[in-house]
Amino acid sequence: MTAGTLPLSGRVRVLVVDDNDGFRGSLAALLGGEDIEVVGEASSGIEAIELVNELAPDVVLMDVRMPQMDGIETTRRLKALHPSLEVVALTGLEEERAVREMLVAGASGYVLKDSEGDEIIHAVRRAASGGALLSPDVTPTVIEQLLEALERERRRTRQLEIAQEALLERGARRQQLIGRVGHELRTPVTVILGLAQTLRRGGLDDQQLDEVLDTLVLRTEGLARLVRRFEAAIEAGLTEWANVTELAKEVGGRDPRIRVEAPLAPVMTALNRTAGIRILEELVENALAFSPETSQVVIRVSNDDGIPQVRVIDRGHGIEPDAIPRIFEPLEQAQELHTRTHPGIGLGLSLARLSARAMDGDVTLESTGHEGTTFLWSVAGGPSADAQVTPRIAALR
């Protein structure tokens, strides 16, 4: 069923999920009508997943609190398996936090269990037509919780900025890292806070409310991913003795298109293992995205004059010369910078370089041309953060 349209049969197929047999039966009886057909009932999240696969309902009316697998996890799994499936959460007045988590998991709306029957029926119809219903008894509290969560993120950003003092001993490169963290985190937090304040002011029609909530969820999920990336970058200052070859093999073993070339002897150095893995992931993901599907990406480990080095080599069409000075800038888009067409995330190479420099190494573009591109990770003792490394550039066609 396409979002925004009713089922072709004219009747909305509903699966009712609740662990209370009596309440579930009452809901099934309430929903039965000319335009709604209850195709099944489930008493648990696991049973709900099985029945959705079997019965293909249009809407699932989902209890939030259930044993073994609650409605939040069930909704998350159902939306992953069936993105077009609509889920309406059934919640109690005291479950405001669960409502927020249900919306993030993919629910299109929610109603209170003690709502009038017409309101529950209306919520199902709205979900089937691609809309959403948010119970006015709960919505203000949920928005307040979102605002509190955003305020906690703002405090977290401030804490990251304060942490700069602890990294001053590691030099100017650590200062650059923390400064980037603060700047990049403040921007999405400000956007999300503005959306939440718009919701609190009210006055939005149903379509506007749906759009704001969708944008709010997307921005929040993006912020969570950004925080995880910065955490890995910040941890780069905490080093241990590690074998670079083992890191390369761990990352290389995740995709059959990756080939690892390394000496038999261990290539040891002091680094943060988590940050090292993340640097390689960023370089390899970039190489895979911009290489033909039939070609391999090579991770080549070497120990040149006692300096561990890792090269990530692809067989793409190379980077345009005028784009090279900007490839390590934050939020640049690879589709704009690169002759290849795959849209990149833009931030990964910047963070990979910052993490490498936090461990006294560097990430540079060693060469690029119509036969491929090579990025060099000098794991330790590599080029200075201030050094200008000029890549070898072959003629691009």
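Residues numbered from 1 in each chain as written. Predicted model: local features only at pLDDT ≥ 70, side-chain atom pairs only at ≥ 80, totals over all residues. Heavy atoms only, no water.

Side note on the sheet that holds strand β4 (residues 86-91)
No. 1: In spatial order, the strands read β2-β1-β3-β4-β5; together these five strands make up an open sheet with parallel pairing. The outermost strands of the open sheet, each flanked by one partner alone, are β2 (36-42) and β5 (109-112). Across the sheet, the axes of successive neighbouring strands diverge by a mean angle of 25°, strand direction being ignored.
No. 2: Inspection of the sheet shows strand β3 (residues 59-63) paired to β4 by five bridges, in the parallel sense. If you follow V59 over to β4, its bridge partner there is E86.
No. 3: In this fold helix α3 (residues 71-81) packs onto β3 and β4, with an angle of close to 155° to the strand it touches most, β3.
No. 4: Across the face of the sheet, helix α5 (residues 117-128) comes into contact with β1 (12-17), β2, β3, β4 and β5 while running at roughly 135° to β3. (Pairing = 2+ DSSP bridges. Helix = DSSP H or I, 4+ residues; strand = E, 2+ residues; numbered from the N terminus. Axes fitted to C-alpha atoms, helices over the stretch in contact; angles between N-to-C directions. Contact = heavy atoms within 4.5 Å.)

Digging into helix α1 (residues 21-31)
No. 1: Within α1, burial applies to R24, L27, A28 and L31. An end-on view of α1 places all buried positions within 100° of arc, on one side of the element.
No. 2: Among the structural elements, β1, β2, β3, β4 and α5 are those in contact with the buried residues of α1.
No. 3: Sitting at the amino-terminal end of α1 is N20, which places a side-chain oxygen 3.0 Å from the backbone nitrogen of G22. (Buried < 20%, exposed > 50% of the residue type's maximum accessible area, 1.4 Å probe, protein only. Arc of directions from axis to C-beta. Polar contact = N/O pair within 3.5 Å; in protein donor to acceptor, adjacent residues only side chain to side chain.)

Points about the pattern of salt bridges
No. 1: For the structure on display, the rule yields 19 salt bridges.
No. 2: Note that R76 and E73 form a salt bridge whose closest N and O atoms lie 2.6 Å from each other. Of the two residues, R76 and E73 both sit in helix α3, three residues apart, roughly one turn of that helix.
No. 3: The class of E73 is partly exposed, set by a relative accessible area of 24%.
No. 4: What emerges from the salt-bridge pattern is a single network uniting E250, R254, R273, R278, E281 and E282. (Salt bridge = Lys/Arg side-chain N within 4 Å of Asp/Glu carboxyl O.)

Quick word on the pairing of strand β12 (residues 372-378)
No. 1: Of all seven residues making up β12, seven are buried, and the element is well covered by its neighbours.
No. 2: Of the two faces of β12, the one lined by G372, T374, L376 and S378 and the one lined by T373, F375 and W377 are each fully buried.
No. 3: Pairing between strand β10 (residues 307-313) and β12: five bridges, direction antiparallel. Paired with Q309 across the bridge in β12 is S378.
No. 4: Hairpin geometry of strand β11 (residues 362-369) and β12 is characterised by an intervening segment of two residues between the two adjacent antiparallel strands.

Purely geometric stuff here, so don't read any function into it on its own.
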